Amino acid sequence: MNISELPTPCFLVDQVLLEKNLQVLQGVMDRTGAGILLAQKAFSMYALYPLVGRYLRGCAASGLYEARLCAEEMVRPLAKEGRRLENHIFSPAYQEKDFREILQYCDHIVFNSWQQVERFAPRARAAGKSVGLRVNPECSTQEGHAIYDPCAPGSRLGVTEENFKAGLESGGRSGAGGGLSLLDGLHFHTLCEQDADDLETTLEAVEEKFGRYLPEMKWINFGGGHHITRKGYDIPRLERCIRKMQEKYGLTVYLEPGEAVALKAGFLITTVLDTVHSGGDTVILDASAACHMPDVLEMPYRPPLQGSGLPGEKAYTCRLGGPTCLAGDIIGEYSFDEPLEPGQRLVFEDMAIYSMVKTNTFNGMPLPALALRKKDGDCVLVKKFGYRDFKERLS
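What you are looking at is a predicted structure, and each value in this text was computed from that prediction instead of being measured.

## Brief notes about the overall build of the protein
In step 1: If you tally the helices and strands in the protein, you get 13 helices and 16 strands.
In step 2: Scaling as 2.2 N^0.38, a compact globule of 395 residues should have a C-alpha radius of gyration of about 21 Å, and the protein matches this with 23 Å.
In step 3: On the principal axes, the C-alpha backbone points of the protein span a range of 70 × 45 × 45 Å.
In step 4: Put simply, 68% of the contacts in the protein that link residues at least 6 apart link residues at least 24 apart.
In step 5: On the protein, roughly 17400 Å² of surface is accessible, and the fraction owed to carbon and sulfur atoms is 49%.
In step 6: Distance from the positive charge centre (44 side chains) to the negative charge centre (52 side chains) of the protein: 6 Å.

Here is the structure:
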C-alpha cells in the first residue's frame, strides 16, 4: 500500500532513514571498536530488531520486559545467523521475583547501589554475567531539561563519589559485601540529546571522581543521550573520548543511544476531524498529545509538521489539539497556506523515538497503528490495535 492508504493515527518508520542512522553508528564502532547498543526505552519496534542487530552490538534494557524482548526478537533470531549480540540491563532497583529470569536473558547487569550489588551480584557472577555499578559524576551539562538530568541534586540515579567510597569501606576490596572485585565495569548516563563536548566534560568529572578505580575495571559504559546521528554532531570528538578510555585504562567502551538509532526516521500520520472556533481556531485531530506523543506535554516541545510554518508565517494559523477530554491536550500552534478541512491528513516528523513507546489509552483512545516504509517505497502495516488491546490492560 502507499502512505495514503494507511489508517490513522499511524506511526510510520522509514527503513531507508533508519539504516542511514545505523550506518553512522556502525561506522563509529568500526573505527573505534566500541560497542553501541540500542536503548529500547527510546525505540522498541521489534519488527525491526533483526535489522538493527545486523548493525549494532545488541540492546540496553531498563527492566525485565525489555530484556526479554531483546532476547526473543534480536539475540536469539540473529544467533541462528552466527551473530553474537549482547543484552545489557540497568534498573534503579531489581526485585527478587524478577532476578532469576533476568539472569536468563542478560549478559551485563548494572546496579544502582552497593546494597543491590551485595544482594544480587554474587548470583550474577555465579551465572557468568558481567557486573557493573552506575556512578553519578555530579556533573550537570543539560539546559532546560531538569526532568531528564540524572546529575541534579538529590538524584536517585547512580552512586556519588562519597557513597562509592563509603561502600568500599563497608564492604572492603575483597568482595565480601560490596567490594571492587565484584565489579567488571562502571556505567554513567548523564546526557539528553547532547553533543560530544558535553560527553568530554562529563568524562573529565568521571575521571576526577572515579578514575582511580578504572584500572581495575574491564569496561566503561557511557550510557545514552548521545545525538550521534544528528547533523553537525562532533563524531571525531566522540571517537577521541572513546579512544582515551581504551588507551589510558585498557577498557572496552559501550554506548547506549536510543534517539540516535531512529532519529528523524519516523512519522505520525493523523487526520483532521473538526475545527473549534474560540478565541482563535483549534483543529481537532485523531491523534492526541496526551496519548500518542506525551513528550509534547512533558518536555515540552513542538513537533515538526510537514507543510506547516511557525505561527503567522503562513496565511492561516491555528492550534492543533487531540480528541481527549484533557483541556491541555494541545500539540502546538502552526500556520498553513489554507484552513484545514475534515479528512485532511497531517504528517508529524521525528516520531519514531519515545512517542511510540510512551503511548497510552487514556479516554479509551485507540493506539496508533504501526507501519514500515520499505526501501522500494511500499508501506506495510505491521500492526493495528483495537478494542481488545484497550480492554486487556484493564480488568
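## Here's the deal with the packing of aromatic side chains
In step 1: For the structure on display, the rule yields 13 aromatic pairs.
In step 2: Between phenylalanine 164 and tyrosine 213, the ring centres sit 4.5 Å apart and the planes meet at 35 degrees, which makes this aromatic pair tilted. Taken as a pair, phenylalanine 164 in helix H6 (residues 161-171) and tyrosine 213 in the loop between helix H7 (196-210) and strand S8 (219-221) lie far apart in primary sequence, 49 residues in all. Here phenylalanine 164 and tyrosine 213 have matching classes, each one buried.
In step 3: The ring of tyrosine 334 is capped by arginine 302, whose NZ or CZ atom sits 4.0 Å from the centre of that ring.

## As for the packing of H7 against helix H8 (residues 235-249)
The relative placement of two packed helices comes down to the angle between their axes together with the axis-to-axis distance.
In step 1: For the pair H7 and H8, the least separation of the axes is 8 Å and the interaxial angle reads 25 degrees. For the element pair H7 / H8, the angle class is roughly parallel. Relative to H8, the crossing made by H7 is left-handed. Of H8, the residues touching H7 (which contributes Ala196, Asp197, Leu199, Glu200, Leu203 and Glu207) are Arg237, Leu238, Cys241, Lys244, Met245, Lys248 and Tyr249.
In step 2: Split by residue class, the contact of H7 with H8 holds 7 nonpolar, no polar and 6 charged.

## Description of the nonpolar core
In step 1: Counting residues in hydrophobic clusters, the biggest one holds 105 residues, and the most contacted among them are Phe164, Phe222 and Leu320.
In step 2: No other element matches the 8 residues that helix H3 (residues 64-79) contributes to this core.
In step 3: Excluding residues within four positions of it along the chain, phenylalanine 164 makes contact with Trp114, Leu133, Val135, Val159, Leu180, Leu186, Phe210 and Tyr213.
In step 4: Cys10, Leu12, Ile269 and Cys379 belong to the second largest nonpolar core, which has 9 residues in total.

## So, the sheet that holds strand S3 (residues 58-61)
In step 1: The strand order around the closed barrel formed by 8 strands is S2-S3-S4-S5-S6-S7-S8-S9, and the pairing between neighbours is parallel. Neighbour-to-neighbour, the strand axes of the sheet open up by a mean angle of 25 degrees, direction not taken into account.
In step 2: Where S3 and strand S4 (residues 86-90) come together, 4 bridges link them in parallel fashion. Paired with alanine 60 across the bridge in S4 is histidine 88.
In step 3: On the sheet, H3 packs against strand S2 (35-39), S3 and S4 and is oriented at approximately 170 degrees with respect to S4.
In step 4: Contacts between H8 and the sheet are confined to S8 and strand S9 (252-255), with S9 contributing the most and set at about 145 degrees to the helix.

## Examining the pattern of salt bridges
Pairing of side chains with opposite charge becomes possible as their charged atoms draw close.
In step 1: Applying the stated rule across the entire model yields 26 salt bridges.
In step 2: The shortest N-O distance in the salt bridge between arginine 212 and glutamate 161 comes to 3.7 Å. Note that arginine 212 is positioned in the loop between H7 and S8 and glutamate 161 in helix H6, a separation of 51 residues in sequence.
In step 3: Here arginine 212 falls in the partly exposed class, since its relative accessible area comes to 48%.
In step 4: Among the ionic contacts, a cluster of salt bridges with common partners joins Glu161, Lys165, Lys209 and Arg212.

## Let's talk about H8
In step 1: Taking 1.5 Å per residue as the helical rise, H8 with its 15 residues ought to reach 21 Å, and the 21 Å between its terminal C-alpha atoms agrees with that figure.
In step 2: Along H8, the residues classified as buried are Ile235, Leu238, Glu239, Cys241, Ile242, Met245 and Tyr249. The buried residues of H8 all sit within an arc of 155 degrees when viewed along its axis, so they share a single face. With respect to the buried face of H8, the exposed residues turned more than 90 degrees away are Glu247 and Lys248.
In step 3: The secondary structure elements touched by the buried residues of H8 are helix H1 (15-32), H7, S8 and S9.
In step 4: Where H8 begins, the side chain of aspartate 234 points an oxygen toward the backbone nitrogen of arginine 237, at a separation of 3.1 Å.

So, how was this worked out
- Along each chain, numbering runs from 1 in the same order as the chain's sequence is written.
- For a predicted model such as this one, the threshold for reporting local features is a pLDDT of at least 70, and the threshold for listing and counting side-chain atom pairs is 80 or more; totals across whole chains, interfaces and linings nevertheless cover every residue.
- The side-chain quantities take in all heavy atoms of the structure and omit both hydrogens and water.
- Secondary structure is summarised from DSSP: a helix means a run of H or I of at least four residues, a strand means a run of E of at least two, and numbering begins at the N terminus for each.
- Radius of gyration: C-alpha atoms only; globule rule: 2.2 Å multiplied by the number of residues to the exponent 0.38.
- When checking whether two residues touch, look at their non-hydrogen atoms; a contact exists if any pair is within 4.5 Å.
- A 1.4 Å probe and the Shrake-Rupley method give the accessible areas. Residues count as covered only by the protein chains that appear here.
- Residues scored as charged are limited to Lys and Arg (positive) and Asp and Glu (negative), so that His and the chain ends carry no count.
- Every charge is mapped to an atom, namely NZ of Lys, CZ of Arg, CG of Asp or CD of Glu.
- In this scheme Phe, Tyr and Trp rings, the latter by its six-membered ring, pair at centre separations within 6.5 Å, and the angle between planes marks the pair as stacked below 30 degrees, edge-to-face above 60, and tilted otherwise.
- Relative accessibility under 20% of the residue-type maximum defines a buried residue, over 50% an exposed one, and the middle range a partly exposed one, all with a 1.4 Å probe and only protein chains included.
- Criterion for a charge above a ring: Arg CZ or Lys NZ at most 6 Å from the ring centre, at most 35 degrees from the ring normal.
- Axis geometry follows a simple rule: fit a line to the C-alpha atoms, using only the stretch in contact for helices, then measure angles between N-to-C directions, giving values from 0 to 180 degrees.
- Convention used here: angles under 35 degrees read as roughly parallel, angles over 145 as roughly antiparallel, angles from 65 to 115 as roughly perpendicular, and any remaining angle as oblique.
- Two helices that cross are described as forming a left-handed crossing if the nearer one is turned anticlockwise from the farther one by less than a right angle, and a right-handed crossing if clockwise.
- Under the grouping applied here, Gly and all other residues not named as nonpolar or charged are polar, the nonpolar ones being Ala, Val, Leu, Ile, Met, Phe, Trp, Tyr, Cys and Pro and the charged ones Asp, Glu, Lys and Arg.
- Here, nonpolar core refers to any group of buried Ala, Val, Leu, Ile, Met, Phe, Trp, Tyr and Cys residues whose side-chain atoms link them within 4.5 Å.
- Here the rule is simple: two strands pair whenever DSSP picks up at least two bridges between them.
- Salt bridges are counted wherever a side-chain nitrogen of Lys or Arg sits within 4 Å of a carboxyl oxygen of Asp or Glu.
- Multiplying 1.5 Å by the residue count of a helix minus one yields the expected span of that helix.
- Arc, as used here, means the arc of the directions from the helix axis to the C-beta atoms.
- Pairing of N or O atoms within 3.5 Å defines a polar contact, subject to two protein rules: one partner must be a possible hydrogen donor and the other a possible acceptor, and residues neighboring in sequence count only if both atoms are side-chain atoms.

So far we have only geometry, and geometry alone does not tell us how the molecule works.
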